[in-house]
Amino acid sequence: MIRLNCFFQAAEGKYDEALEAAIALTACSQQEEGCIAYDTFESSTRADILMICETWTDDEALAAHSASEHFKKYVGLLETLGTLKLERFEF
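Summary of the structure given here. (Residues numbered from 1 in each chain as written. Predicted model: local features only at pLDDT ≥ 70, side-chain atom pairs only at ≥ 80, totals over all residues. Heavy atoms only, no water.)

### Re the packing of helix α1 (residues 15-29) against helix α3 (residues 69-81)
Part 1 of the argument: Across the interface, α1 lies against α3 with an axial gap of 9 Å and an inter-helix angle of 160°. With respect to α3, the element α1 is oriented roughly antiparallel. For the element pair α1 and α3, the recorded crossing hand is left-handed. On the side of α1, the interface is formed by Glu-17, Ala-18, Ala-21, Ala-22, Ala-24, Leu-25, Cys-28 and Ser-29, while α3 contributes His-70, Phe-71, Tyr-74, Val-75, Leu-77, Leu-78 and Leu-81.
Part 2 of the argument: Within the contact of α1 with α3, the residues separate by chemical class into twelve nonpolar, two polar and one charged. (Axes fitted to C-alpha atoms, helices over the stretch in contact; angles between N-to-C directions. Helix = DSSP H or I, 4+ residues; strand = E, 2+ residues; numbered from the N terminus. Parallel < 35°, antiparallel > 145°, perpendicular 65-115°, else oblique. Left-handed = near helix turned anticlockwise from the far one by under 90°. Contact = heavy atoms within 4.5 Å. Nonpolar A, V, L, I, M, F, W, Y, C, P; charged D, E, K, R; others polar.)

Below, the structure written as structure tokens:
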């Protein structure tokens, strides 16, 4: 399995728009084959931070996710609204 933690810091005034994009990305991604878990979390201590936590069965499922239209649309939008940092774990 593959776990990705994607930390997002919104640019000033862009948090609400980013959260909407992250929630839409989550809803689409949860329906994908090979998705074990996918959710968006808001920080309780910082008003500009959210995290997307995702778990995939394998690299093939993750590659299909990364090539999907909704991934390109919403991740592309998030990249314009702030900064992304990705952590990857395999187990």
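### Focus: the pattern of salt bridges
Part 1 of the argument: For the structure on display, the rule yields four salt bridges.
Part 2 of the argument: Two residues, Arg-88 and Asp-59, come together in a salt bridge whose shortest N-O distance is 2.5 Å. Linking Arg-88 in strand β4 (residues 82-90) with Asp-59 in helix α2 (residues 59-67), this pair joins segments that are 29 residues apart in sequence.
Part 3 of the argument: According to the relative accessible area criterion, Arg-88 is partly exposed, its value standing at 38%.
Part 4 of the argument: Here Glu-90 makes a salt bridge to Arg-88, at a shortest N to O gap of 3.0 Å.
Part 5 of the argument: The exposure class of Glu-90 is exposed, given its relative accessible area of 57%.
Part 6 of the argument: In the salt-bridge network here, residues are joined through shared partners; they are Asp-59, Arg-88 and Glu-90. (Salt bridge = Lys/Arg side-chain N within 4 Å of Asp/Glu carboxyl O. Buried < 20%, exposed > 50% of the residue type's maximum accessible area, 1.4 Å probe, protein only.)

### Topic: the pairing of strand β1 (residues 2-10)
In regular strands, side chains alternate between the two faces of the sheet.
Part 1 of the argument: The pairing of β1 with strand β3 (residues 49-56) spans eight bridges and is classified as antiparallel. Each bridged residue has a counterpart across the sheet, and for Asn-5 the counterpart in β3 is Cys-53.
Part 2 of the argument: Summarising the sheet, β1 and β4 pair through nine bridges and their orientation is antiparallel. When the sheet's bridge partners are listed, Cys-6 is paired in β4 with Leu-86. (Pairing = 2+ DSSP bridges.)

### Re the packing of aromatic side chains
Part 1 of the argument: Scanning all chains against the criterion turns up one aromatic pair.
Part 2 of the argument: An angle of 80° between the planes, with centres 6.0 Å apart, marks the rings of Tyr-38 and Trp-56 as edge-to-face. Placement of Tyr-38 in strand β2 (residues 35-42) and of Trp-56 in strand β3 is noted, with a sequence separation of 18 residues between them. (Phe/Tyr/Trp six-rings, centres within 6.5 Å; stacked < 30°, edge-to-face > 60°.)

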